[in-house]
Amino acid sequence: MNKFILPLAGAAIVALGAYALFKPEPAPTPAPLASSSRPAQGDPILAVTLPEALSADAQIGKRAFDSVCAACHGENAAGKEGFGPPLVHKIYEPSHHGDMSFLMAAQRGVQAHHWRFGNMPPQEGVTQGDVKAIIAYVRELQRANGIN
């Protein structure tokens, strides 16, 4: 009997460790714009503070973002209820979603994993240069909103 207790205890510890490592992350709850209720379909999800000025790369990125990304991710990356998540959010800070994550998302699409918006398709016709400029824009927005 005693020779079974140690292996069972070890298996239980391994199982708990695996659960802790692989358990799904709860969906984040972004700060609403003005009220505690969910925004209406198509409304911005967050209020975004704009930087005083954008770098030259971020200005190019804003134009690219507005023409390709804003339809889903909203004006100034504030998210758009029912369409796409806000990119000015702690989830997308550089230490969690590095620049390469954005490049790969545009090229390959993304399977839904943090939000309730469904999968993001690959973005046809967007070059790596476009995405790098978009990243510069998003990162400057993030910094203006305390996300480093």
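Computed from a predicted model, the values in this text were never measured in an experiment.

Cut-offs used in this document
- Residues numbered from 1 in each chain as written.
- Predicted model: local features only at pLDDT ≥ 70, side-chain atom pairs only at ≥ 80, totals over all residues.
- Heavy atoms only, no water.
- Helix = DSSP H or I, 4+ residues; strand = E, 2+ residues; numbered from the N terminus.
- Buried < 20%, exposed > 50% of the residue type's maximum accessible area, 1.4 Å probe, protein only.
- Salt bridge = Lys/Arg side-chain N within 4 Å of Asp/Glu carboxyl O.
- Core = buried A, V, L, I, M, F, W, Y, C linked by side-chain atoms within 4.5 Å.
- Contact = heavy atoms within 4.5 Å.
- Phe/Tyr/Trp six-rings, centres within 6.5 Å; stacked < 30°, edge-to-face > 60°.
- Polar contact = N/O pair within 3.5 Å; in protein donor to acceptor, adjacent residues only side chain to side chain.

Peer 1: Give me the lowdown on the environment of Pro-122, citing residues and values where you can.
Peer 2: Of note, Pro-122 is situated in the loop between α4 (99–108) and α5 (128–144). When its relative accessible area of 34% is taken as the criterion, Pro-122 is described as partly exposed. Measuring from C-alpha to C-alpha, the distance between Pro-122 and Arg-108 comes to 4.8 Å, with 14 residues separating the pair along the chain.

Peer 1: Give a detailed account of the pattern of salt bridges, specifying residues and quantitative values.
Peer 2: Under the defined criterion, the tally for this structure stands at 5 salt bridges. Ionic pairing is found between Glu-81 and Arg-38, a salt bridge with its closest N-O pair at 3.1 Å. A residue pair is termed long-range when its members are at least 10 positions apart, and Glu-81 in the loop between α3 (70–73) and α4 and Arg-38 in the loop between α1 (2–22) and α2 (56–68) qualify at 43 residues. Taking the relative accessible area as the measure of exposure, Glu-81 reaches 5% and is therefore buried. Residue Arg-38 is classed as exposed on the basis of its relative accessible area, which comes to 54%.

Peer 1: Let's hear about the nonpolar core: which residues, and what values?
Peer 2: Of all hydrophobic cores here, the largest spans 25 residues; its most connected members are Phe-65, Leu-87 and Val-138. Put simply, the parts of the chain that give this core at least two residues each are α2, α4 and α5. Ranked by residues supplied to this core, first place goes to α5 with 6 residues. Once residues within four sequence positions are removed from consideration, Leu-87 is found in contact with Phe-65, His-73, Ala-77, Tyr-92, Phe-102, Val-138 and Gln-142.

Peer 1: Explain the packing of aromatic side chains residue by residue, including any values.
Peer 2: The final tally for this structure, using the stated rule, is 4 aromatic pairs. Summarising the aromatic geometry, the rings of Trp-115 and Phe-117 are spaced 6.1 Å apart at their centres and angled 45 degrees between planes, so their arrangement reads as tilted. Given the relative accessible area of 16%, Phe-117 is considered buried. By way of ring pairs, the aromatic residues Tyr-92, Phe-102, Trp-115 and Phe-117 are connected into one cluster.

Peer 1: Which residues make up the environment of Ser-55, and what values go with them?
Peer 2: With respect to the helices and strands, the residue Ser-55 is situated in the loop between α1 and α2. Residue classification places Ser-55 among the partly exposed residues on the basis of a relative accessible area of 31%. Sequence spacing of Ser-55 and Glu-140 is 85 residues, and the spatial spacing of their C-alpha atoms is 8.4 Å. Of note is the side chain of Ser-55, whose polar atom sits 2.5 Å from the side chain of Glu-140.

Function-wise, these values are silent; they only describe arrangement.
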